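Take a look at the letters that make up each chain.
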Amino acid sequence: MATPHVAGVAALVWSHFPDCSNKQIREALIATAEHPGAGGCDNEYGFGLVDAKAAYDYLSNRGCGFSVGETLGGCNQCVECTSAPTSSPTAFPACPGNEKYFKLSLETDNYGGETSWKVTSPTSGEVTAGGGYQSSTTYTEKRCIQSDACTFEISDSYGDGICCGYGN
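Residues numbered from 1 in each chain as written. Predicted model: local features only at pLDDT ≥ 70, side-chain atom pairs only at ≥ 80, totals over all residues. Heavy atoms only, no water.

Engineer: Explain helix α3 (residues 52–62) to me, and be specific about the residues and the numbers.
Structural biologist: Taken together, the buried positions of α3 are occupied by Ala55, Tyr58 and Leu59. Seen from one end, α3 has its buried residues packed into an arc of 90 degrees, which puts them on one side. The outward face of α3, more than 90 degrees from its buried face, is lined by the exposed residues Lys53 and Asn61. In this structure Asp51 caps α3, since a side-chain oxygen of it lies 3.3 Å from the backbone nitrogen of Lys53. (Buried < 20%, exposed > 50% of the residue type's maximum accessible area, 1.4 Å probe, protein only. Helix = DSSP H or I, 4+ residues; strand = E, 2+ residues; numbered from the N terminus. Arc of directions from axis to C-beta. Polar contact = N/O pair within 3.5 Å; in protein donor to acceptor, adjacent residues only side chain to side chain.)

Engineer: Please provide a residue-by-residue account of the environment of Ala52, values included.
Structural biologist: Relative to the helices and strands, Ala52 resides in helix α3. Its relative accessible area of 26% is what places Ala52 among the partly exposed residues. Ala52 has contacts with Val9, Leu12 and Val13, leaving out every residue within four places of it along the chain. (Contact = heavy atoms within 4.5 Å.)

Engineer: Just give me the short version of the pattern of salt bridges, but keep the residues and values in it.
Structural biologist: As enumerated under the stated definition, the model contains 2 salt bridges in all. Among the salt bridges present, the one from Asp57 reaches Lys53, with a minimum N-O distance of 2.8 Å. In this pair, Asp57 and Lys53 both sit in helix α3, 4 residues apart, roughly one turn of the helix. A relative accessible area of 53% places Lys53 in the exposed class. Between Glu141 and Arg143 there is a salt bridge, with the nearest N and O atoms lying 2.8 Å from each other. A residue is classified by how much of its surface remains accessible, and Arg143, at 23% relative accessible area, is partly exposed. (Salt bridge = Lys/Arg side-chain N within 4 Å of Asp/Glu carboxyl O.)

Engineer: Run through the state of the cysteines, naming residues and quoting values.
Structural biologist: Summed over all chains, the structure comprises 2 disulfides. Cys20 shares a disulfide with Cys64; S-S distance 1.8 Å. On the sign convention where negative is left-handed, the bridge of Cys20 and Cys64, at about -75 degrees about the S-S bond, is left-handed. With Cys20 in the loop between α1 (2–16) and α2 (22–32) and Cys64 in the loop between α3 and β1 (100–107), this pair connects stretches of sequence that are 44 residues apart. Among the residues examined, Cys20 registers a relative accessible area of 0% and is labelled buried. Each sulfur of the disulfide joining Cys95 and Cys144 lies 2.2 Å from the other. Taking the sign of the S-S torsion, -85 degrees for the link of Cys95 and Cys144, the bridge is left-handed. (Disulfide = S-S within 2.5 Å.)

None of this, on its own, says anything about what the molecule does.
See below:
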């Protein structure tokens, strides 16, 4: 569970600081990790337990203008085993006013026309939706939506499921 949890926290923090590099995000996570074991990096806890709020506060106070040395990963990872880090994500376009950015990556099954989705808000109901997709196609939907929109629902109109049943 540790790796997916840390990756999720890194993505969350990075979404608030898209101008930071991947190395700066990693530095913030390491610098603010809680160390339940011995200080520093160890085989029991690595660099410690990730703390999303502390990493957010760290970058809020420090910004993304600091330099970071070579990033190897792990406590004892060898230099020749290190692959190049991924590049920084493309910054999301700015949404007007108090709206937030919504991005959906969707891969349809053999019956794409049966797939639809919607995002709803507790104050105004449906705020955006999609449907009418081609079969076996990958789509990326990008929208600005009101800030209180919080429910995502995907549907299969035939009712046999998306992906793994008859729609395969």
